[in-house]
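Summary of the model geometry
What follows is each chain in one-letter form.
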Amino acid sequence: MKVGRNDPCPCGSGKKYKKCCGGISTDRPTAMPEDDLRFERISLTAPCPCGDGRAFGNCHGVPIGPPPETPPPPEFVSEIPRRQGTTPVWLKRMIEVAIKYLFTPAESRIAFPQPRGESCATVAMQTQRLLKHYGVAARVVVGAAGWRGYPLRYAWQGQAEYHAWVETEFGEVVDLTCDDLNRRTGSSFPLVMIPAPANCWDLPSALTDRGYVEIECGHAQINVDVPGEMGFDALAVLLLKFCNDHQSEFMRRYSEP
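Residue indices follow the written sequence of each chain, beginning from 1 at its first position. Only residues with pLDDT of at least 70 are given local features in this predicted model, and only at 80 or more are side-chain atom pairs given and counted; all residues enter the totals for whole chains, interfaces and linings. Side-chain metrics in this entry use all non-hydrogen atoms of the structure; hydrogen atoms and water are not considered.

1. Quick notes on the sheet that holds strand β5 (residues 200–202)
At least two bridges found by DSSP between two strands are what make those strands a pair. Numbering of helices and strands runs from the N terminus; a helix is a DSSP stretch of H or I covering at least four residues, while a strand is a stretch of E covering at least two. Spatial ordering of the open sheet is given by β1-β6-β2-β3-β4-β5, a layout of six strands whose pairing is mixed. For this open sheet the edge positions go to β1 (39–42) and β5, each flanked by a neighbour on one side alone. Within the sheet, the average angular offset between the axes of one strand and its neighbour, ignoring direction, is 35 degrees. In the sheet, strand β3 (residues 163–168) pairs with strand β4 (residues 173–175) via two bridges, with the strands oriented antiparallel. Across the sheet, the residue bridging to Val 166 is Val 174, located in β4. Fitted lines through C-alpha atoms serve as axes, helices being fitted only where they are in contact, and the angles separating the N-to-C directions of these axes extend from 0 to 180 degrees.

Below, the structure is given as C-alpha coordinates:
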(Lines give C-alpha, C1' and ligand atoms only; values in the text may rest on other atoms or scores of the structure.)
Protein backbone atom coordinates (compact mmCIF):
# COMPACT_ATOMS: atom_id res chain seq x y z
CA MET A 1 0.00 0.00 0.00
CA LYS A 2 1.31 3.43 -0.93
CA VAL A 3 -0.14 6.45 0.84
CA GLY A 4 -0.78 9.41 -1.47
CA ARG A 5 0.26 12.86 -0.28
CA ASN A 6 -3.35 14.07 -0.39
CA ASP A 7 -4.81 10.96 1.28
CA PRO A 8 -5.88 11.03 4.94
CA CYS A 9 -2.86 10.36 7.16
CA PRO A 10 -2.81 6.77 8.50
CA CYS A 11 -2.07 8.10 12.00
CA GLY A 12 -5.74 9.14 12.32
CA SER A 13 -5.14 12.84 12.89
CA GLY A 14 -7.65 13.80 10.19
CA LYS A 15 -5.03 15.80 8.31
CA LYS A 16 -3.75 15.07 4.84
CA TYR A 17 -0.68 12.82 4.79
CA LYS A 18 1.50 15.62 3.35
CA LYS A 19 0.49 17.92 6.21
CA CYS A 20 1.13 15.32 8.92
CA CYS A 21 3.38 12.25 8.99
CA GLY A 22 4.25 12.65 5.30
CA GLY A 23 5.78 16.04 5.79
CA ILE A 24 9.51 16.65 5.57
CA SER A 25 11.35 14.40 7.95
CA THR A 26 12.80 17.22 10.06
CA ASP A 27 9.27 18.06 11.24
CA ARG A 28 8.67 14.59 12.60
CA PRO A 29 9.22 14.17 16.35
CA THR A 30 11.64 11.28 15.85
CA ALA A 31 13.57 12.89 12.99
CA MET A 32 17.10 14.14 13.38
CA PRO A 33 17.33 17.83 12.48
CA GLU A 34 20.83 19.33 12.48
CA ASP A 35 20.48 20.93 15.91
CA ASP A 36 18.83 17.96 17.63
CA LEU A 37 21.18 14.98 17.33
CA ARG A 38 20.49 12.73 20.31
CA PHE A 39 20.36 9.21 21.66
CA GLU A 40 16.95 8.23 22.96
CA ARG A 41 14.49 5.39 23.28
CA ILE A 42 10.82 6.08 22.57
CA SER A 43 8.09 3.75 23.76
CA LEU A 44 5.02 3.31 21.61
CA THR A 45 2.89 3.78 24.73
CA ALA A 46 4.59 7.01 25.86
CA PRO A 47 3.06 10.43 25.05
CA CYS A 48 3.93 11.48 21.50
CA PRO A 49 6.69 14.12 21.41
CA CYS A 50 4.52 16.27 19.12
CA GLY A 51 2.38 17.25 22.12
CA ASP A 52 -0.87 15.93 20.65
CA GLY A 53 -1.67 14.08 23.87
CA ARG A 54 -2.02 10.68 22.25
CA ALA A 55 0.36 7.78 22.73
CA PHE A 56 3.28 7.79 20.32
CA GLY A 57 2.07 4.48 18.85
CA ASN A 58 -1.26 6.10 17.97
CA CYS A 59 0.19 9.32 16.58
CA HIS A 60 3.54 9.85 14.85
CA GLY A 61 4.64 6.33 15.74
CA VAL A 62 2.08 4.79 13.39
CA PRO A 63 4.02 2.91 10.70
CA ILE A 64 3.43 3.86 7.08
CA GLY A 65 2.84 1.06 4.61
CA PRO A 66 1.69 -2.55 4.78
CA PRO A 67 2.54 -4.76 7.78
CA PRO A 68 5.68 -6.88 7.37
CA GLU A 69 5.42 -10.43 6.10
CA THR A 70 8.54 -11.67 7.90
CA PRO A 71 9.58 -9.42 10.80
CA PRO A 72 12.95 -10.16 12.42
CA PRO A 73 12.81 -12.84 15.15
CA PRO A 74 12.51 -11.58 18.75
CA GLU A 75 15.92 -12.90 19.82
CA PHE A 76 17.55 -10.40 17.47
CA VAL A 77 16.08 -7.40 19.24
CA SER A 78 15.57 -8.49 22.86
CA GLU A 79 17.25 -6.74 25.78
CA ILE A 80 20.74 -7.94 26.67
CA PRO A 81 22.63 -7.79 29.98
CA ARG A 82 25.36 -5.16 30.13
CA ARG A 83 28.95 -5.66 31.24
CA GLN A 84 32.11 -3.58 31.41
CA GLY A 85 34.63 -3.61 28.59
CA THR A 86 34.74 -3.14 24.83
CA THR A 87 34.61 -5.34 21.78
CA PRO A 88 38.16 -6.51 20.94
CA VAL A 89 39.71 -4.32 18.25
CA TRP A 90 40.59 -7.30 16.06
CA LEU A 91 36.98 -8.48 16.12
CA LYS A 92 35.65 -5.01 15.24
CA ARG A 93 37.99 -4.67 12.28
CA MET A 94 37.37 -8.21 11.05
CA ILE A 95 33.58 -7.81 11.03
CA GLU A 96 33.83 -4.38 9.38
CA VAL A 97 36.02 -5.75 6.58
CA ALA A 98 33.87 -8.88 6.17
CA ILE A 99 30.68 -6.83 5.79
CA LYS A 100 32.23 -4.46 3.25
CA TYR A 101 33.83 -7.30 1.30
CA LEU A 102 30.69 -9.40 1.03
CA PHE A 103 28.58 -6.41 0.02
CA THR A 104 30.94 -5.54 -2.86
CA PRO A 105 29.77 -7.70 -5.79
CA ALA A 106 33.04 -7.17 -7.70
CA GLU A 107 34.92 -8.74 -4.80
CA SER A 108 32.52 -11.35 -3.47
CA ARG A 109 30.97 -12.31 -6.83
CA ILE A 110 27.52 -12.08 -5.25
CA ALA A 111 24.79 -10.01 -6.90
CA PHE A 112 22.98 -8.12 -4.15
CA PRO A 113 19.64 -6.50 -5.01
CA GLN A 114 20.61 -3.27 -3.25
CA PRO A 115 23.78 -1.57 -1.94
CA ARG A 116 24.99 -1.82 1.65
CA GLY A 117 23.65 1.69 2.32
CA GLU A 118 20.13 0.39 1.73
CA SER A 119 20.60 -2.85 3.68
CA CYS A 120 20.88 -1.55 7.23
CA ALA A 121 18.63 -4.21 8.79
CA THR A 122 20.35 -7.10 7.01
CA VAL A 123 23.81 -5.77 7.88
CA ALA A 124 22.78 -5.22 11.51
CA MET A 125 21.40 -8.75 11.86
CA GLN A 126 24.46 -10.31 10.24
CA THR A 127 26.73 -8.24 12.51
CA GLN A 128 24.79 -9.39 15.56
CA ARG A 129 25.14 -13.03 14.52
CA LEU A 130 28.90 -12.70 14.02
CA LEU A 131 29.33 -11.02 17.40
CA LYS A 132 27.34 -13.79 19.06
CA HIS A 133 29.52 -16.41 17.32
CA TYR A 134 32.61 -14.80 18.83
CA GLY A 135 31.15 -14.46 22.32
CA VAL A 136 29.87 -10.88 22.35
CA ALA A 137 26.17 -10.36 23.07
CA ALA A 138 24.40 -7.76 20.95
CA ARG A 139 20.96 -6.74 19.75
CA VAL A 140 19.54 -5.15 16.63
CA VAL A 141 17.88 -1.76 17.09
CA VAL A 142 15.59 0.10 14.68
CA GLY A 143 14.36 3.67 14.67
CA ALA A 144 15.43 7.11 13.44
CA ALA A 145 18.94 8.39 12.72
CA GLY A 146 20.78 11.51 11.59
CA TRP A 147 24.33 12.78 11.10
CA ARG A 148 25.80 16.27 11.47
CA GLY A 149 26.70 17.86 8.14
CA TYR A 150 24.87 15.23 6.08
CA PRO A 151 21.49 16.16 4.56
CA LEU A 152 19.92 12.69 4.60
CA ARG A 153 17.92 11.88 7.74
CA TYR A 154 15.83 8.85 8.65
CA ALA A 155 12.56 9.51 10.42
CA TRP A 156 10.50 6.61 11.72
CA GLN A 157 7.74 5.50 9.36
CA GLY A 158 7.88 1.76 9.83
CA GLN A 159 8.74 -0.17 6.67
CA ALA A 160 8.54 3.04 4.63
CA GLU A 161 11.46 4.73 6.39
CA TYR A 162 13.74 3.58 9.19
CA HIS A 163 17.35 2.93 10.10
CA ALA A 164 18.84 -0.11 11.87
CA TRP A 165 22.00 -0.53 13.90
CA VAL A 166 23.50 -2.77 16.59
CA GLU A 167 24.01 -2.26 20.31
CA THR A 168 26.59 -4.48 22.02
CA GLU A 169 26.58 -5.69 25.61
CA PHE A 170 29.21 -3.00 26.29
CA GLY A 171 26.80 -0.25 25.21
CA GLU A 172 28.59 0.38 21.93
CA VAL A 173 26.63 1.64 18.94
CA VAL A 174 27.58 -0.21 15.75
CA ASP A 175 26.54 1.19 12.36
CA LEU A 176 28.31 -0.37 9.38
CA THR A 177 26.13 1.05 6.59
CA CYS A 178 26.09 4.85 6.93
CA ASP A 179 29.36 5.29 5.00
CA ASP A 180 27.56 3.82 1.96
CA LEU A 181 24.46 6.05 2.03
CA ASN A 182 25.57 7.91 -1.10
CA ARG A 183 25.09 4.70 -3.09
CA ARG A 184 21.42 4.40 -2.24
CA THR A 185 19.20 3.81 -5.27
CA GLY A 186 18.01 7.10 -6.70
CA SER A 187 20.51 9.29 -4.84
CA SER A 188 20.61 12.72 -6.41
CA PHE A 189 23.78 14.19 -7.91
CA PRO A 190 24.28 16.76 -5.10
CA LEU A 191 23.93 14.03 -2.47
CA VAL A 192 26.50 11.72 -4.02
CA MET A 193 28.98 14.61 -4.04
CA ILE A 194 28.74 15.06 -0.26
CA PRO A 195 30.93 12.70 1.80
CA ALA A 196 28.81 10.14 3.63
CA PRO A 197 29.18 9.89 7.41
CA ALA A 198 31.77 7.46 8.72
CA ASN A 199 30.76 4.12 10.18
CA CYS A 200 30.83 3.88 13.95
CA TRP A 201 31.60 1.35 16.67
CA ASP A 202 31.75 3.33 19.90
CA LEU A 203 29.86 4.48 22.99
CA PRO A 204 27.13 7.11 22.50
CA SER A 205 29.14 9.63 24.54
CA ALA A 206 31.88 9.53 21.89
CA LEU A 207 29.51 9.90 18.94
CA THR A 208 28.92 13.65 18.96
CA ASP A 209 28.40 13.89 15.20
CA ARG A 210 25.24 11.78 15.06
CA GLY A 211 22.12 10.66 16.85
CA TYR A 212 20.03 7.49 17.01
CA VAL A 213 16.48 7.23 18.36
CA GLU A 214 15.30 3.70 19.09
CA ILE A 215 11.63 2.93 18.52
CA GLU A 216 10.61 0.35 21.08
CA CYS A 217 9.28 -2.78 19.33
CA GLY A 218 9.95 -1.13 15.98
CA HIS A 219 11.44 -4.40 14.71
CA ALA A 220 7.91 -5.77 14.38
CA GLN A 221 7.19 -3.23 11.63
CA ILE A 222 10.00 -3.95 9.19
CA ASN A 223 10.17 -6.65 6.54
CA VAL A 224 13.59 -8.16 5.75
CA ASP A 225 15.19 -11.54 5.17
CA VAL A 226 15.52 -13.51 8.39
CA PRO A 227 17.41 -16.65 9.47
CA GLY A 228 16.01 -19.65 7.67
CA GLU A 229 15.50 -17.78 4.42
CA MET A 230 17.84 -18.59 1.55
CA GLY A 231 19.26 -15.12 0.98
CA PHE A 232 20.02 -14.46 4.64
CA ASP A 233 21.51 -17.87 5.32
CA ALA A 234 23.70 -17.81 2.21
CA LEU A 235 25.19 -14.48 3.25
CA ALA A 236 25.67 -15.69 6.84
CA VAL A 237 27.65 -18.72 5.64
CA LEU A 238 29.93 -16.56 3.49
CA LEU A 239 30.51 -14.01 6.25
CA LEU A 240 31.43 -16.69 8.76
CA LYS A 241 33.75 -18.38 6.27
CA PHE A 242 35.53 -15.08 5.63
CA CYS A 243 35.98 -14.53 9.37
CA ASN A 244 37.20 -18.08 10.02
CA ASP A 245 39.69 -17.81 7.15
CA HIS A 246 41.10 -14.46 8.33
CA GLN A 247 40.69 -14.52 12.13
CA SER A 248 44.34 -15.28 12.92
CA GLU A 249 45.48 -12.53 10.56
CA PHE A 250 43.30 -9.90 12.24
CA MET A 251 44.29 -11.07 15.71
CA ARG A 252 47.97 -10.64 14.83
CA ARG A 253 47.50 -7.28 13.18
CA TYR A 254 45.36 -5.78 15.92
CA SER A 255 46.79 -7.56 18.95
CA GLU A 256 46.27 -5.60 22.15
CA PRO A 257 48.94 -5.36 24.88
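2. A look at the confidence of the model for the protein chain
Looking at any residue, its pLDDT shows the predictor's confidence there, from 0 to 100. Here the protein chain averages 78 in pLDDT, and 73% of its residues register 70 or above. Confidence scores differ between elements of the protein chain, with helix α2 (residues 105–108) showing the lowest mean pLDDT of 56 and β4 the highest of 97. Scored below 50 in pLDDT, residues 23–34 shows 42 contacts in the model against residues more than four places distant or in partner chains. Contact between two residues is taken to exist if any of their heavy atoms lie within 4.5 Å; hydrogens are not considered.

3. Some remarks on the pattern of salt bridges
Think of a salt bridge as a Lys or Arg side-chain nitrogen and an Asp or Glu carboxyl oxygen that are within 4 Å of each other. One pass over the structure, following the stated rule, counts 11 salt bridges. One salt bridge connects Lys 100 with Asp 179, and the closest N-O pair in it is separated by 3.6 Å. Of the two residues, Lys 100 is situated in helix α1 (residues 89–102) and Asp 179 in the loop between β4 and α4 (189–192); the sequence distance between them amounts to 79 residues. Between buried and exposed lies partly exposed: a residue is buried under 20% and exposed over 50% of the maximum accessible area for its type, with that area taken using a 1.4 Å probe on protein chains only. For Asp 179, a relative accessible area of 26% translates into the label partly exposed.

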